[in-house]
Every structure is written in C-alpha cells, then in structure tokens.
Amino acid sequence: MIGTDPARLDAAKRPTPSAHVPLLVVGAGAAGLAAALAAAAAGVATMLIEEHPVSPELMALDVPLHFGQRMARGAGNAALMERVLDSSPGLAEAYERGIDVQLGVCVWGLFAGSANSPDAAPHLVGLADGVRSWFVSCDRVIVASGARDLAIGFPGWEKPGVMGAQAALQLMQRYDAFTGSRILVLGGGPLALAVVEAAVGKGLAVVAAVEAEEASRHDDSAERFRERGVAFYGGWVIDEARGSIEVESAAIVRLDETGKPAAGSRTVLDCDTIVMSVGTVPNVELLDSLGCRMQFEPLRGGWVPSRGNDTATSAPNVYAIGDCAGLGADPTEEGRRAARAVAASLGMTAFAEGEPEPEPEPEPRIERPHAANRSVQRARVWLQAQIAASGLDVCVCQCEEVTRRELIDLRPPRYLRAMVPDAAPSGRNLQALAADGPLNQDQVKRLTRAGMGPCQGRRCREQVQMLLEAVGTSEPGAVPLARYRPPVRPLPLKVLAAEEESAALRDHWVAWFNISTQWLAHWEAKPVPFAAPGQIPVIGDSE
Amino acid sequence: MSGAASAQPARPRGSSVIIVGGGVTGLSAGWWLARSGVDVLVLEKGIVGWEASGRNGGSTAHPFSPLFREEQRLWPEMDSLLGYPTEYQAHRLRVALNEAQMAHYMRIIALAERQGSTWAPLDQRELKELVPFVSDAAIGGVMCYYGGHANPQRTVQAFAWAMQDCGGRLQQHTTVTGICRHAGRVTGVMTDRGRYDCDVLVLAAGPQIAELAAMLGVTVPLASARVEMIITEPLPRLRYGGVDGNGIYGRQTLRGNLAYGGGPHEWLSPSAAEPPRRESTFIMRSLAKRLVELFPGAAHARVIRSWAGIVENTPDGRPVLCRLSDPDNTVIASMSSVGFGLSPASGRAVMELARDGACSFADLSALHLQRFNALPADWQARMGWQRDPVRGQ
C-alpha cells in the first residue's frame, strides 16, 4: 500500500523554466567568452550570462566587488550597456555567432535536480536583473565567475574611497566611470602594478604604492613602480584612512625590524582613493552553494573547486574555469577545454580533425594580473603587519560592525549588548571555543554576526578566516570554508518572488508538515493518521 | 535506586549519564542534569546545534504539547538561568489574509486558552500599528500573550556553555558507532574515539535516533525531511517580532532580519551513505512571494541568505519522550520536528526520566514509544513519507 503526501517536494511542484538551453555559461570574462565561443562553434546552443553592467544600487552595497563608492552615478543603463560592450570585443562576436548573450543579468543560484540523486539533469539556474528573477534550465553549466578582492581592514577603511583592485580596474577599464583622482595603492605585487598602470593610463595620479613586505624580499617590484613615477614604500603599512566623511588622506607607517611601527615614521599622503591590491579571491559562491567538492590551494588563491582534467567539478554536468577555479591559469585555454568536454558529453563533434579552433578576439582592455598566486601568503603577512600597526580595535565586518577584538573575544553582537547590557559572557572567547573542537567560521559567524550582512561577507570572509587560523594556530586552509548559500546576490524580496507557481505547489502549500495529529492536544491519544487505509490527512492551509 | 543516575566523581572515559546528540534537546537535558549535580557527558558528531536545532523559526509557542505550561514558565527565565543570552522575546502575532487562515490559528489558540493562556483579536488598524509593513489585505490578526521567539544557535550555545559551567562535559566531533550492553542493561557506547561507559543512556540525536535505537533492537519510527527558510537584510524593529501568517512561519530577529520558512518538505532516504545536504531549492522564490504578500511594505528588503535543516517526524508528528523498559536505563528523546521552543521543558523532562525514571511535572504517557507497537513495518510508504525519486525533474 503506497500513500501520498501531497505537501512533499516532488516533481509536480517544480517551476516551469523560462527557457531550456543545452549549455549555460556564467560570466563573460576571458574564460567564459572562450568557452561560449568554442561551444557555439562546436554546435552547442549556448546562453552566456554576464552580470555587468551592475546597477549603481548594487555597487553601493559593494556587490559584487568592493566599489568603495567610487563609481560615477547618473550614466543610464543603455550607456553602461554600450560601454561594457565596447570594452569587450568578444561579446560582439558572441552575438554574431548566435550565442544568447544576456548582459546585466546575475546568476544567484544553481540548483541540482536533487542532492540525493545529483546526476539528475537538467539543472535549474536562478537569474535576475534589477526588476525580476526567473529560472532557466540547462543540461550543462560552465561557471566562469572570476575573482573578487581580498580586503584587510585598517582604521577608517569603512570610509567611501576605500575600494578593491578588481573594482577599480572594472570602473576604470570597463565602465569608464571611476571618480577617484589621487590614488594610494596598497600592495606591491602584480595586481597593484596593474592598478597603477590602469590609473596612469587614465591620466590619474598615483601618490604611492605601500607594501607590507620589504622590497628587498622579493624581486624588483620597487623599481617597477618607480619606473612609472610612483613612490614605493616597502616595509610600510597603512595606519589610517583620514577624512571627515570620505577619504581625504592616508597615514602610513614603517614597521621596524621587530615588526612594530617605527617611531617618527608616520607620514600623511594626500589621496581621495585607497585601492586594496593585496590579494584576489576566486568567486566560488555558486560552486560551493551547489555542493561542489572544494579544496584549499594556497598558490591558486585559496578555496577552489576540485576538478578533473576536463575542468569538470564533482557536481555532475558542472564545469569551472578561469579565476573562479584557481588563479593563474590560462583562461582561454581552460575555456576551450571545458567547451570540448561539454560538446563531447552532449554527443557533438567538438572540432573536426584539422579544422582550426575559432580564435576569440583577445581581451586587450582589462588587465589580467596572473601572478596573484602569492596572495594567500601575502594576505597573512599583511594582516599581521596591520595588526602590529593598528591593533585589534579595527572593524572586520562593516555590515555588522564587528571588530577584530570582538571577534577574538567572541563578543555578542552590538544590538544584543545594547539590549542586554550583561550579555558579554566572561571567558568564552575564540580560544575557549577552540578547546571544544576545531574552529568553524560558520559557528563564529552566528555568534558574532561577522559576515552576516547585506554584502554577504565579500569584504570580511578572508579576514575572519585568517583571524581564526591565527587564534587556532593552524595552517592556511585548516579552518573549513564558510558555506555559501543562495541567493549569492542580495535580491530584494519583490525581485526574488516567484511570478508563477505550479498548481501543485500552490494548492498544497503548508507552513509545516501536514500531520493532523501534530496540531491536536498531544496528551489526548489519537490513532496514527493512516489507520484508515488510503486516507490522507491534510491540515489547513497554514501551520 | 537501581539504574538511576546519581552524583559521583567524573570518570575520564565515561559518565553517569551519556547523552548522544548535541542539539537543543540533548544540551538542555545535559544542562538540567549538570545543574542537579549529575555527572553528564554529551557526545556530538559535529558541532553543537549544527542540525535543525540551530536553524529553525525560533518559535516558543507549542500549546498542543503537555510541556506547554513548563515551556511558558521557563522561557522568560532562561537568560538568567543560563547566564548567556538566548534573545528570547515574549508574545506572538498571527496575521490572517483570509478566513481559512484565521480559523486555523484559532484552533491552536483555543488549545492555549484551555491551559490558561490569553489572547486578543486585532483589527486592521491595531495590526497596522504593530506591524507597519503588513498587507492592507489582512482581515485581522491575533495577539497571543504567550509564546515568543529566541535565536536558535545562540540558545543552543547558551545551553552548551551553561552545562559546562555546571561541570557537564561536551565532546564534539565524536560519532557513536555502537552501544555496549551487559545483562540486559546499557553499559556504554562505542565511538570513533573509543568507548565511553555510562549508567544511563539518553538518545537525543534527532533523525539518527532510529539508527541508534536499532542497535538496541528497539524500533523508533522516524522519517527525516529537509525544510528551508529565507533571511532578509535587517529592517526597522517591530515591537513584537514573532509574526506568522499567509502560510509561512518565522520571526523578525532582534537584529531586524526577517527569517521565514514554510512550503514543501523533502522526505529523505533513511539510509543515505552520506549525510543529506542541507540545500536550499527553488522553493525560496515561493517563500519570497508569500512574504511579500504578507509584508508588502518590506518588499524592498534584500534576501541575503537561506537555510535548510533536517528534522525527524514520528508517524503522528508527536515527540517520543520516554524511558524504555528494555533496556531500562535508556531514554528516548525525539521531539518530532517541534523541538526548539519546547527545549527548556523537554530537557527538564529528560533529566527526570534519566535520574528519577519518571517526569514529575507533566503527563508524558501519551508520548511513550509503545503507542507505535502495532505500527506496520511499511508505515513510511503507506503515508507517502518518501522522497520523490525524480524530485524537481
């Protein structure tokens, strides 16, 4: 005898997708474009999703990059669209080759058919623009979601004018909408150099590059900055971003041989923008939230998906390429490799023997600093140097206003301390928590709220991770990756809300399980509901 | 007092009482036992509150339970009893967008009223004053002067810390792999970290209780399911954050976030080789739709994350809270998907079952496992409590 539970999640409740495509590519950077073009050339119908141009409202939240309020406002959507197209010749080619290119659309969720039968295709892909969200389904997904900036806090870093390198490069090179004019660059590696070159190319002033590590410790970087007319401060860190509301200047200090600020070294530099160019983080949020197996690769930017040679992740039919799969690879080559694997898996002949693969237009405008592969180690050097210079009473999580000290002391969040003055438990700090077992960032997040704000942890994840490592005296990567959850972009309720639902979902919606006896007095015995064979207990439309 | 737990010196590899499961029920029981002077050890396979105990709606209103009065008595005291904040806030509001919703709420409110709790109807104007972003389409609401809400993870952590403060011990990242018996009694448990001895065993491991009890030859009929919630960015605080309606349940947190759940549950395979993922699904768009219908004035609020949790249900949706007769030194504590809010009371009940053999403050006879003695083996299939093999396809 088989009964049915009309309120359970089943096939009849699945939404009808707006479209079905054999292949969906997330991100139209170098890797995503190469993949889409190669797949299309092999005859695979392809949809290419690119979230740029991003709306100014989202930029103001520092989503998806740390824009630091340095974007010009007022440019209309059409103008922004045009600039994004102009800055990426490959997009025009993609249109010409019949790829379904969608600009200004974000992917906020990837959903497998079922976690417990994960080979079930097709996947549902959650898309949204500024107005509405929708689902498409696809047989294969190639994720090329790029990378974002790693932030390390210092006094005043919450002021408008402090931003990340990827955001600065996007605003300068892709949007032509960068409003800073005097720039201080934090970092002395290839990423910092890329920012300097982009800024100089725009005729902007770069007042200095500041690098926590001493120049002598690595190559000729000082020389490379000086060649471009930029003062290089090796062995220095930033002490404070100054200004009444926005950044107006920055104080920097030299660290002596003992790692302490050298007396009398504090120097104030005039600037309106401070670009954090210390490290880059692979954008793994879609891959992790889907359940792809992840691994920590210190030379490739940290947490990245485990992949096979064909770029396939552990999630069936999901491929990852470019920076999101690990910094430093050749994006075009990876894109083509993924396209070949997808075409083959769909039974298409990828490229006929002897036929040259299509060459996508090079991407000349956006710098791609490959050698970010020291960023994991460099970030830890920077954090220690910043702690030596500015101490622990520095904000880590801007959204929830959590300082390094509050994190380390595991202090209840501010809203709670305001309501319950004695809410600070004595002796219950990170060290005490570590005595009960390995530290877990998600647990610390729920206790302190670091990482729980509208920017979805983009500005604080790595800082929290590094502080937990430091307290637990563990290796980079020893603290498990804090889980990502959909929606991986902060979407207004009215945007996320489903416009249509299946009749089965609508008609059998319950707030909780539809077990009639659960809602009757438990002290009065009732027979188990199925005592009458075939009879289905249904409680009202809610609770 | 044969078979009863008693105060005695702590042993390095065991404890008078071992509780399997560091969720809210097990930790509350551990805290009650520790503060009464009983040597107690909680074994948790992962981190405290990592399953449904730490991710749920946070409601503290369960009028259908024999533990309701004790739940209501204890919650206002918990912050000071534990010494750590739970974020408990009193009272709940029910909002009805139609007569059917109102009728459903009133059936449950009537149960609370029978037990001495009070409530008041709210007209549209009063409702709007309390919940400015509520829908104009609401036909009215009910103010419940009972129940309330608390922060799930913070509450679990408070129980764990308070238990440790009283001398109870917590061992995380420890999975129970077997139960040791001698002469008809449980003598300890085997784990992936070795053996721990005990005089009394409490099984409070949520969905895993069935598997653990089976090691004793005891059948506890449980089906596991995944349920999910969405969370928005913070909004200005309401006076009363526990507001349910329109087919969804949840609360405004003290920080201001809206956290709401509801909709289809996914039954899970009982014997999955790997633990089921706590994934979120396409249901989140339908949750957003119902939240916008309930609170149009909050339609601009950004959804910034989602949760999912795995809960267990018995065939009648009611807890199993009892001490077994064979082996007679074992307590079963499954709260059947309504465990969080009842935890201060259920923990006290488990303490008494473990220590004294019976609960003194509530009649738990209807929650004994023996009510399922005649249950057919295929009950789950008969009820359709099984995963759709092609879910979503």
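Coordinates for the structure precede this section.
Notes on the structure follow. Being a predicted model, the structure only gives us computed values, none of them experimental.

1. Concerning the overall build of chain A
Broken down by element type, chain A carries 17 helices and 22 strands. Counting only residues that meet the buried cut, chain A has 56% of its 543 residues in that class. Expressed as a percentage of contacts within chain A between residues at least 6 apart in sequence, the contacts between residues at least 24 apart total 68%.

2. What about the nonpolar core?
Counting residues in hydrophobic clusters, the biggest one holds 297 residues, and the most contacted among them are Ala35(A), Val195(A) and Val202(B). At 10 residues, the largest contribution of residues to this core is made by helix H1 (residues 30-41) of chain A. Contacts of Val202(B), omitting those with residues within four sequence positions, involve Val17(B), Ile19(B), Val20(B), Gly26(B), Ala29(B), Val331(B), Ala333(B), Val350(B) and Ala354(B).

3. Some remarks on the interface of chain B and chain A
In this complex, chain B contributes 80 residues to the contact, which on the side of chain A involves 75 residues. Put simply, the parts of the chain that give the side of chain B that touches chain A at least two residues each are helix H3 (99-114), helix H5 (152-165), strand E14 (266-267), helix H7 (283-294), strand E15 (302-313) and helix H9 (379-383) of chain B. Here the element with the most residues in the side of chain B that touches chain A is H7(B); it accounts for seven residues. Pairing of strand E22 (residues 491-492) of chain A with E15(B) involves two bridges; the strand directions are antiparallel.

4. Remarks on the environment of Glu312(B)
All names here are of chain B. Here Glu 312 lies in strand E15. Residues Glu 312 and Ala 205, spaced 107 residues apart in sequence, show a C-alpha to C-alpha distance of 9.9 Å. Here Glu 312 is in contact with Gly 206, Pro 207, Leu 222, Ala 223, Ser 224, Ser 334, Ser 336 and Ser 337, once residues within four sequence places are set aside.

5. With respect to the environment of Gly427(A)
Secondary-structure assignment places Gly427(A) in the loop between helix H12 (414-419) and helix H13 (430-435). We classify Gly427(A) as exposed; it has 10 C-beta atoms within 10 Å.

6. Considering the sheet that holds strand E12 (residues 236-242) of chain A
Residue and element names in this part refer to chain A. Strand order in the open sheet formed by three strands is E12-E13-E14, and the pairing between neighbours is antiparallel. Edge positions in the open sheet fall to E12 and strand E14 (267-270), since each of these has one partner strand only. Each neighbouring strand pair of the sheet contributes to a mean axis angle of 30 degrees, computed without reference to strand direction. Where helix H10 (residues 375-390) meets the sheet, it contacts E12 and strand E13 (249-254), and its direction lies at approximately 60 degrees from that of E12.

7. Quick look at the sheet that holds strand E11 (residues 232-234) of chain A
Residue and element names in this part refer to chain A. Strand order across the open sheet formed by five strands is E8-E15-E9-E10-E11, with parallel pairing between neighbours. At either margin of the open sheet sits one strand with a lone partner, and together these are strand E8 (162-164) and E11. Averaged over all neighbouring strand pairs, the angle between strand axes comes to 20 degrees, with direction disregarded. Two elements, strand E9 (residues 182-186) and strand E15 (residues 273-276), share four bridges in a ladder whose sense is parallel. Bridge pairing links Leu 184 to Ile 274 in E15.

8. Remarks on the packing of helix H2 (residues 68-82) of chain B against helix H8 (residues 343-355) of chain B
All names here are of chain B. Orientation of H2 relative to H8, taken along the N-to-C sense of each, is 110 degrees, at an axis distance of 8 Å. Regarding the angle of H2 to H8, the classification is roughly perpendicular. In contact with Glu 70, Glu 71, Leu 74, Trp 75 and Met 78 of H2, H8 contributes Pro 344, Ala 345 and Arg 348. Per-class residue counts for the contact of H2 with H8 are five nonpolar, no polar and three charged.

About the criteria used
- Residues numbered from 1 in each chain as written.
- Chains lettered and ligands numbered in written order.
- Predicted model: local features only at pLDDT ≥ 70, side-chain atom pairs only at ≥ 80, totals over all residues.
- Helix = DSSP H or I, 4+ residues; strand = E, 2+ residues; numbered from the N terminus.
- Buried ≥ 20, exposed ≤ 12 C-beta atoms within 10 Å, placed from the backbone.
- Contact = placed C-beta atoms within 7 Å.
- Core = buried A, V, L, I, M, F, W, Y, C linked by C-beta atoms within 7 Å.
- Pairing = 2+ DSSP bridges.
- Axes fitted to C-alpha atoms, helices over the stretch in contact; angles between N-to-C directions.
- Parallel < 35°, antiparallel > 145°, perpendicular 65-115°, else oblique.
- Nonpolar A, V, L, I, M, F, W, Y, C, P; charged D, E, K, R; others polar.

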